[in-house]
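Close look at the chain arrangement
The lines below spell out each chain.
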Amino acid sequence: MEKIEHKMVAVNGINMHVAELGQGPTILFLHGFPELWSRRHQIVYLVECGYRAVAPDLRGYGDTTGAPVNDVSKFTIFHLVGDLVALLEAIAPNEDNVIVVAHDWGSIIAWHLCLFRPDKVRVLVNLSVHFLPRNPHMNLVEGFKSFFGEDHYVSRFQVFTSLMQHGALNSPCSRYSGCAEGGIFTKRLSEEELDYYVSKFEQTCLTGGVNYYRALPIRIQKGSLGVTVKVLSCDHEVMGSSLGHSLLHKCKRAQVEVPTKFIVGEFDLVYHIPGAKEYIHNGGFKKDVPLLEEVVVVEGAAHFVNQEKPDEINKNIYDFIQKF
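Residues numbered from 1 in each chain as written. Predicted model: local features only at pLDDT ≥ 70, side-chain atom pairs only at ≥ 80, totals over all residues. Heavy atoms only, no water.

In terms of residue burial, strand E4 (residues 52–56) counts as a mostly covered element, since 5 of its 5 residues are buried. Of the two faces of E4, both are covered, the one formed by Arg-52, Val-54 and Pro-56 as well as the one formed by Ala-53 and Ala-55. Bridge analysis of strand E2 (residues 14–21) against E4 gives 4 bridges, and the strand direction is antiparallel. Directly across from Glu-20, in E4, lies its bridge partner Val-54. Two strands pair when backbone bridges link them, and strand E3 (residues 26–30) and E4 are joined in this way by 3 bridges, in the parallel orientation. Note that in E4 the partner of Leu-28 across the bridge is Val-54. What joins E3 to E4 is helix H1 (residues 40–48), and the crossover it makes is right-handed. (Buried < 20%, exposed > 50% of the residue type's maximum accessible area, 1.4 Å probe, protein only. Helix = DSSP H or I, 4+ residues; strand = E, 2+ residues; numbered from the N terminus. Pairing = 2+ DSSP bridges. Right-handed = clockwise from strand over helix to strand, strands pointing away.)

Laid out in structure tokens, this is it:
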């Protein structure tokens, strides 16, 4: 196995760290919160199957620099998708589209990449977070608050003082229980990987990742997205409108029109959000993602299904993408 190559790519006003390995059709791996580019199980397996793996540290994470973490408005879904469009133009200029494999927040970004720019994605495999259709009467933060109350982490992430009290913004990872002590990280990561995670979050803290949640309900003004607007493939105009809904509402494409496979652990808390199972299995998901070909519920797995059941996930990914 050749050594993973690390490089920096200037995209959308930031410098994005990218790990790359292999030759062949490009697979873009998108990580979630609070993670980094590393997808050792999937990267090694799929490179051996003849693919090229490209795994960035997303905006605000790891060795990716340039995003102003004190400005939440620079962490909108449109900035996150804009980063990827620019990245694909830089690292895969000769490919019309690529394969995308994503987890957690990476899945949310991938859904929107397919919604805004389906021409960039050949096939999608999303893990853990299903497509979340727009609710014109309630944004995601309000929705989580209505289900789980003010004490839910998404609600807490909206309040700066709460974040400071819980150490999410100003404490290095080695003192943040959600990352370095207990849980999925110590159980599933090797000592070398855990040390790598800790070293990176000691440098950056968790502010960038938390900003993804804090950007969900904010409002923007016309023109404030700057060059990021180019990621959209539909006409739009924004003036003081809800960031999480306005451009989605104005976009003529209401469905995700990319061949898709969705994988979720049976104990994943996202899978147990009120109404989620009904949406996934009773036709709503298929209506919003008409090219959804398969839903896999992995027995005995929870949210970090790609780490908990790596062999099963690898096979599920390869069996699907090799058809395209």
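Now, onward.
Per-residue pLDDT for the protein averages 82, and the proportion of residues at 70 or more is 79%. Of the regions scoring below 50 in pLDDT, residues 162–182 engages in 45 contacts with residues more than four places distant in sequence or in other chains. Between residues 233–246, whose pLDDT stays under 50, and residues either more than four places distant or in other chains, the model counts 39 contacts. (pLDDT = per-residue confidence, 0-100. Contact = heavy atoms within 4.5 Å.)

Moving on: the pattern of salt bridges. Applying the stated criterion to the full structure yields 11 salt bridges. For Glu-294, the salt bridge identified is with Lys-261, shortest N-O distance 3.4 Å. Note that Glu-294 is positioned in strand E10 (residues 292–298) and Lys-261 in strand E9 (residues 260–265), a separation of 33 residues in sequence. Residue class for Lys-261 comes out buried when judged on its relative accessible area of 2%. Through salt bridges with shared partners, a single ionic network connects Lys-7, Glu-20, Arg-52 and Glu-95. (Salt bridge = Lys/Arg side-chain N within 4 Å of Asp/Glu carboxyl O.)

For the rest of this paragraph, the subject is helix H9 (residues 191–204). Between its terminal C-alpha atoms H9 stretches 20 Å, which fits the 20 Å expected from 14 residues at 1.5 Å a residue. All of the buried residues in H9 are Glu-193, Leu-194, Tyr-197, Val-198, Lys-200 and Phe-201. (Expected span 1.5 Å × (residues − 1).)

The 8 strands lie next to each other as E1-E2-E4-E3-E5-E6-E9-E10, forming an open sheet whose pairing is mixed. Each end of this open sheet is capped by a strand with a single partner; those strands are strand E1 (5–11) and E10. For this sheet, the mean inter-axis angle between neighbouring strands, taken without regard to orientation, is 20°. By the bridge criterion, 7 bridges tie E1 to E2 in an arrangement that is antiparallel. When the sheet's bridge partners are listed, Lys-7 is paired in E2 with Val-18. The sheet contacts of H1 involve E2, E3 and E4, and relative to E3 the element is tilted by about 175°. (Axes fitted to C-alpha atoms, helices over the stretch in contact; angles between N-to-C directions.)

Along any regular strand the residues' side chains alternate between the sheet's two faces. A large share of strand E6 (residues 121–127) lies buried, amounting to 6 of its 7 residues. Relative to E6, strand E5 (residues 98–103) runs parallel, the two being bridged by 6 bridges. Of the residues in E6, the one forming a bridge with Val-100 is Leu-124. Handedness of the β-α-β unit built from E5, helix H3 (residues 105–116) and E6 comes out right-handed.

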